[in-house]
Amino acid sequence: MRSIINTFSEHGTFVQPETLEYILSKDDPKKFTSFLKNNLKEYPLVLTLDQIKNIEQATEIEKIPIPTEDSIEKKKIQAKTLSKLFGMDLKPETSIDENGIKYGEINKEDEIDILKEETNEMSILPSKEIKKVKGWKPKSREYDAEIRIIKDVTGKSTCEGTTKDFVKLFVDRYDVLRKLLRNQRREMANVIPINRINKGGIKEIQIVGIVNEVRTTQNGHKLIEIEDETGNFTSISLKSNRETFQIANEVVLDEVIGIKGYLSKNGDILVIQNIIFPDISIQNERHKTNLPICAAFLSDIHIGSKEFMEKQWQAFLRWINGEIGNSRQSDVASKIKYLVIPGDVVDGIGIYPGQDKELAITDLYRQYEVLADQLQLIPDHISIIMQPGNHDAVRPAEPQPTFEKEIQDLFSAKDVTFIGNPCYFSLHGVEILSYHGQSLLDFATNIQHLKYNEPVEIMKVMLKKHHLAPIYGGYTPLAPEHSDYMVIDKVPDIFVTGHVHLAMIGEYRGVTLINASSWQAQTSYQKMLNFIPDPAKLPITNLKTGNVTMMDFSKKSF
Ligand SMILES: [Fe+2]
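Below, the structure is looked at part by part. In this text, all values refer to a predicted model and were calculated from it rather than measured experimentally.

Let's shift gears to the nonpolar core. In this structure, Phe-316, Trp-319, Met-386 and Phe-411 are the most contacted members of the largest nonpolar core, which totals 47 residues. Mapped onto this core, the elements with two or more residues apiece are β10 (294-297), α8 (310-320), α9 (327-335), β11 (336-342), α10 (364-375), β12 (383-387), β13 (416-418) and β19 (537-542). In terms of residues, this core owes the most to one element, α8, which gives six residues. Those residues in contact with Phe-316, other than ones at most four positions away along the chain, are Leu-298, Leu-339, Ile-378, Trp-519, Leu-538 and Phe-553.

Below, the structure written as structure tokens:
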């Protein structure tokens, strides 16, 4: 069974439980797997029973097509699987033998070797004392915190969810991004309103609008309809113009784009020469501080889950208190001034049906109490910045205002700054955009070359589009605020997300990109789908130099 799952997972394909059962029911499952491999036109994100039955039939009756990339059916399946994977739906009824499903390789990062350290049996419920280390003088204790909130919906939410609210949201999005396109992109210097397209006489047409529709024609071209305040117009990206066609494949619903093209002979369609995203400048000057201090990013703690990684967490606490680590690792710990937590701080309750069976703590309030206890063990000179995610006790629609006072009060003994999701803030002048990252899945499902397990690549596309979550009606519920808080109207120095439980670092045009791991081990559902999280890692940015490192607490064999 393992080899069958691995055959497909090597190509990034999940095998649905019932599909696996069907393969295993064959006389020679291995032979049947190679037959499937040879007859799959492409490796889908999710291999469904219908797809393999189609393949079987198609080999006998040529007419039955394999679902195409753009088929609605496939999107539905992807949506169902991904939302289950990240906590929004029913667990499957079929159970699969878990033996032999391997964990991911430990990256060769800065590992804390917990094996050599004494570890006591512990439980997350009572708070543990951390030994005071004699002579431990953290460098960052010398400096006061300097946190400035730049943009956050907290306390500013206006929406009531009416149609008028939605209109305001989209008008604001359009206005902000149209300005960006017109002011920053030379290709868009001569934009005309859509209702002037047919007036004739203009050879090269430039328009800006919100994407109303994107679809592939029967001949494989891409049809894109955009709308501005004066009307809407359909344009076509021909597959023969490969460069532009590739860009057209990155266009998603409800985003704002610029189109440069010429009118077809009968004047009813614009043939696209170029598609222009707002994008960010090639080199962005970074803000830095002169002080030798660092910020650590710690996402998706999931306190309350049975899979919460207590021992790795304990190792993290001991390291940040100067108790363990070699001299270089201790030096990094000593420079940490800020701990940024980008959401899913607890596992929550009722996030998906059947979640109660996965919980070690079934009382939501208690989950936050335990978290507050644990954060008490973070040294006092470190300031904590805490953001909600889709598992937290805040409204699900984004932008999410921060935690209610009742929850904030639990952390009153600690220096915690509560922020919304997303939030722009600065630490000693270094600007950070922190977003939990629910829309990572929307991008991965709607743009062919993006994968949910490569979040940094998706974050680059978000920066290109200057938007965190343009698609309305996807995985990411959006609240119709009068101003679009999901627009990236300011280029940050550091852009951090969580949600997909991976630990990755990247860079785009001078912006540091971080996906900030998790403290929840692989769940049973993730195991079944062969999704391998990368938990118990801690990305750290030096706010003076801009360098990023990753501490690894993920040793499992203790
Ligand atoms: Fe999470």
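After presenting the structure, the write-up continues.
With respect to topology, five strands assemble into a closed barrel ordered β5-β6-β7-β9-β8, the strand pairing being mixed. Averaged over all neighbouring strand pairs, the angle between strand axes comes to 55°, with direction disregarded. Docked against the sheet, helix α6 (residues 163-184) engages β5 (205-216), β6 (222-228), β8 (256-263) and β9 (270-276), running at close to 65° with respect to β8.

With that settled, consider the side chain of Asp-534. Mapped onto the fold, Asp-534 is located in the loop between α14 (524-528) and β19. Engagement of the side chain of Asp-534 in a polar contact is seen with the side chain of Lys-537, the distance being 2.6 Å.

When you line up the elements, Glu-310 lands in helix α8. When its relative accessible area of 22% is taken as the criterion, Glu-310 is described as partly exposed. Counting along the chain gives 210 residues from Glu-310 to Gln-520, while the straight-line C-alpha distance between them is 9.1 Å.

Let us now look at the sheet that holds strand β14 (residues 423-427). Read across the open sheet, the six strands follow the order β4-β14-β15-β16-β18-β17; overall the sheet is mixed. The open sheet terminates on both sides in strands that have one partner only, identified here as β4 (147-152) and β17 (503-508). Mean inter-strand twist for the sheet, computed between neighbouring axes without regard to direction, equals 20°. Where β17 lies against strand β18 (residues 511-516), six bridges are found, and the strand directions are antiparallel. Across the sheet, Ala-503 pairs through a bridge with Ala-516, a residue of β18.

Within the protein, Asp-300 (OD), His-302 (NE2), Asp-344 (OD) and His-501 (NE2) serve as the donor atoms for the iron ion, at 2.0 to 2.4 Å. For the iron ion, the four donor atoms are set out with angles of 86 to 179° between them, so the coordination reads as irregular.

For the rest of this paragraph, the subject is the environment of Phe-277. Mapped onto the elements of the fold, Phe-277 is located in the loop between β9 and β10. Here Phe-277 falls in the buried class, since its relative accessible area comes to 6%. Each C-alpha atom, one on Phe-277 and one on Lys-465, is 5.6 Å from the other, the two residues being 188 residues apart in sequence. In contact with Phe-277, not counting residues within four places along its chain, are Leu-181, Arg-185, Ile-247, Glu-250, Val-251, Glu-255, Ile-257, Lys-464 and Lys-465.

Right, let's get into α8. In terms of burial, α8 is a largely internal element, nine of the 11 residues being buried. For α8, the secondary structure elements touched by its buried residues are α9, β11, α10, β19 and β20 (548-552). Immediately downstream of α8, the backbone of Gly-322 shows phi near 80°, a positive value.

One pass over the full model with this rule turns up 21 salt bridges. In this structure, the salt-bridge partner of Arg-173 is Asp-484, at a minimum N-O distance of 2.7 Å. Here Asp-484 lies in the loop between α13 (455-465) and β16 (494-497) and Arg-173 lies in helix α6, a separation of 311 residues in the sequence. Like Arg-173, the residue Asp-484 is buried in the burial classification. Linking Glu-187 and Arg-185 is a salt bridge whose minimum nitrogen-to-oxygen distance equals 2.8 Å. Salt bridges here are not isolated pairs; linked through shared partners, they connect Lys-139, Asp-331 and Lys-335.

Moving on, we get to the side chain of Thr-445. Structurally, Thr-445 can be placed in helix α12 (residues 440-446). When its relative accessible area of 11% is taken as the criterion, Thr-445 is described as buried. A polar side-chain atom of Thr-445 sits 3.3 Å from a polar atom in the side chain of Tyr-475.

Omega for the bond connecting Glu-398 with Pro-399 falls within 30 degrees of zero, at 5°, which places this linkage in the cis form. Turning to its location among the elements, Pro-399 is positioned in the loop between β12 and α11 (405-408). Residue Pro-422 is bonded to the preceding Asn-421 through a cis peptide linkage, with omega at 0°. Among the secondary structure elements, Pro-422 is positioned in the loop between β13 and β14. A positive phi is found at Asp-254, a non-glycine position, where the angle reads about 70°. With respect to the secondary-structure elements, Asp-254 resides in the loop between α7 (242-248) and β8. For Asp-254, a relative accessible area of 14% puts it in the buried group. If you check the backbone angles, His-302 has positive phi at about 55° while not being a glycine. On the secondary structure map, His-302 appears in the loop between β10 and α8. Residue classification places His-302 among the buried positions, given a relative accessible area of 1%.

Definitions and limits used
Residues numbered from 1 in each chain as written. Predicted model: local features only at pLDDT ≥ 70, side-chain atom pairs only at ≥ 80, totals over all residues. Heavy atoms only, no water. Core = buried A, V, L, I, M, F, W, Y, C linked by side-chain atoms within 4.5 Å. Buried < 20%, exposed > 50% of the residue type's maximum accessible area, 1.4 Å probe, protein only. Helix = DSSP H or I, 4+ residues; strand = E, 2+ residues; numbered from the N terminus. Contact = heavy atoms within 4.5 Å. Pairing = 2+ DSSP bridges. Axes fitted to C-alpha atoms, helices over the stretch in contact; angles between N-to-C directions. Polar contact = N/O pair within 3.5 Å; in protein donor to acceptor, adjacent residues only side chain to side chain. Donors = N, O, S within 2.8 Å, 3.2 Å for Na, K, Ca; no water. Tetrahedral: all angles 85-135°; square planar, octahedral: opposite > 155°, others 65-115°. Salt bridge = Lys/Arg side-chain N within 4 Å of Asp/Glu carboxyl O.

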